[in-house]
Amino acid sequence: MSRFCLVVEDSSPMGEMLADNLQSDGWVAELVRDGLTAIERLERGGVDVVVLDVMLPGCSGFDVLSQMRTRGDQTPVLILSARSDDQDRIRGLELKADDYLTKPFNLQELLLRVRGLLRRSAPTPVGTDTFATPHCTVDFRSHEATRKDGSVRRLTESEIKLLRLLSGRPGEVVTRKEILDHVFGVRSTASRTLDNLVLSLRRLLEADSGPPCHLLTIRGVGLRLVADPAAEVE
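Residues numbered from 1 in each chain as written. Predicted model: local features only at pLDDT ≥ 70, side-chain atom pairs only at ≥ 80, totals over all residues. Heavy atoms only, no water.

## So, the pairing of strand E7 (residues 136–139)
Residues of E7 alternate between two faces, with Cys136 and Val138 buried on one and Thr137 and Asp139 left unburied on the opposite face. Pairing geometry for strand E6 (residues 130–133) and E7, over 4 bridges, is antiparallel. The residue bridging Ala132 from the neighbouring strand is Thr137, located in E7. Remark: 2 residues form the turn of the hairpin made by E6 and E7, two consecutive strands paired antiparallel. Bridge count for E7 against strand E8 (residues 144–147) is 4 bridges, and the pairing is antiparallel. Its bridge partner lying in E8, Asp139 is registered against Glu144. Between E7 and E8, which pair antiparallel one after the other, the connecting turn spans 4 residues, and His143 there sits at a positive phi close to 60°. (Buried < 20%, exposed > 50% of the residue type's maximum accessible area, 1.4 Å probe, protein only. Helix = DSSP H or I, 4+ residues; strand = E, 2+ residues; numbered from the N terminus. Pairing = 2+ DSSP bridges.)

## Describing the packing of helix H7 (residues 176–183) against helix H8 (residues 191–205)
Between H7 and H8, the least distance of the axes is 11 Å, while the angle of their chain directions is 90°. With respect to H8, the element H7 is oriented roughly perpendicular. Packed against H7, whose contacting residues are Arg176, Ile179, Leu180 and Val183, the element H8 presents Ser191, Leu194, Asp195 and Leu197 at the interface. When the residues that make up the contact of H7 with H8 are grouped by side-chain class, the tally is 5 nonpolar, 1 polar and 2 charged. (Axes fitted to C-alpha atoms, helices over the stretch in contact; angles between N-to-C directions. Parallel < 35°, antiparallel > 145°, perpendicular 65-115°, else oblique. Contact = heavy atoms within 4.5 Å. Nonpolar A, V, L, I, M, F, W, Y, C, P; charged D, E, K, R; others polar.)

## Quick word on the nonpolar core
Grouped together as the largest cluster of nonpolar side chains are 25 residues, with contacts concentrated most on Val138, Leu162, Leu163, Leu166, Ile179 and Leu194. Looking at this core, the elements with two or more residues in it are E7, helix H6 (157–167), H7, H8 and strand E12 (222–225). Ranked by the residues each element gives to this core, the list is headed by H8, at 6 residues. (Core = buried A, V, L, I, M, F, W, Y, C linked by side-chain atoms within 4.5 Å.)

Dropping the structure here:
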């Protein structure tokens, strides 16, 4: 099955180079050169990953991304920018970009990152649409968590990404580096955000405010998710 990447880049040499190399890497790649055309193309669907330049005629890459997320389009997006300041990175994260690269970049790194976005966006396998502890059940399809008392809370996209990753590897320690890359795409500005995300999920998954028994921090390494701690006791 073909993988389709939309390249949004106003520089013809850069855009054509990206499209050519993506095609050599096994992608079907389409190049558009302005934000409005990108929005029109995305509305037709069929795009697996977007490589999106920030500085575009008509409307910026951030405007394109904002419109995508506003209408519920969760297609993975890799932002490209000639500017390396943290404000652009933070803005991209706030708009739910999946990854961010500054120009100039290493072409092989870009290709690896684009492949990674496709892997992370793969549908949840049949039989893993939910995750449950004795106190809470998370439905990945509806993005809702139902507590034992019947209360329901809507989960954020980042909460869903983290729980999907950890629940897909039950009992395994997943490194902090891998988590940051999977959930946020940009490691350098998201560490504190991850800490807050873990606190939010613990309030949801755990029975009380005592020591956690489901979402565990392995100091200096990463996180481990345990659905039923009693089942691990021999």
